[in-house]
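# Descriptive analysis of the structure
In case you want the letters, here they are:
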Amino acid sequence: MEREAFFSGYCRQLDGARTVAVEAEGNALTEVDCLYESCPYAPACPIAQSVRAFLEKAE
């Protein structure tokens, strides 16, 4: 089942606030409109933390 979510927060790479759209199939990420998978700041990013939590909550 495909799931979709939107997360807002501070993006260090852009040095500003932004909203990120995320799509997943189960717990597998299918689409994200930021550099989540290759971002050097992802370990400390509040948006990335939300994305990880979203992926862990597969229905």
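Predicted model, so just to flag it, every value in this text is computed and none were measured.

### Considerations on the pattern of salt bridges
According to the stated counting rule, one finds one salt bridge in the structure shown. Two residues, Arg18 and Asp33, come together in a salt bridge whose shortest N-O distance is 3.6 Å. One end of the pair, Arg18, is in strand β2 (residues 16-25); the other, Asp33, is in the loop between β3 (28-32) and α1 (46-56), with 15 residues separating them in the sequence. Residue Asp33 is classed as partly exposed on the basis of its relative accessible area, which comes to 42%.

### Section: the environment of Met1
Of note, Met1 is situated in the segment before β1 (2-11). Residue classification places Met1 among the exposed residues on the basis of a relative accessible area of 68%. For the pair Met1 and Ala24, spaced 23 residues apart in sequence, the C-alpha to C-alpha distance is 8.3 Å.

Definitions and cut-offs
Residues numbered from 1 in each chain as written. Predicted model: local features only at pLDDT ≥ 70, side-chain atom pairs only at ≥ 80, totals over all residues. Heavy atoms only, no water. Salt bridge = Lys/Arg side-chain N within 4 Å of Asp/Glu carboxyl O. Helix = DSSP H or I, 4+ residues; strand = E, 2+ residues; numbered from the N terminus. Buried < 20%, exposed > 50% of the residue type's maximum accessible area, 1.4 Å probe, protein only.

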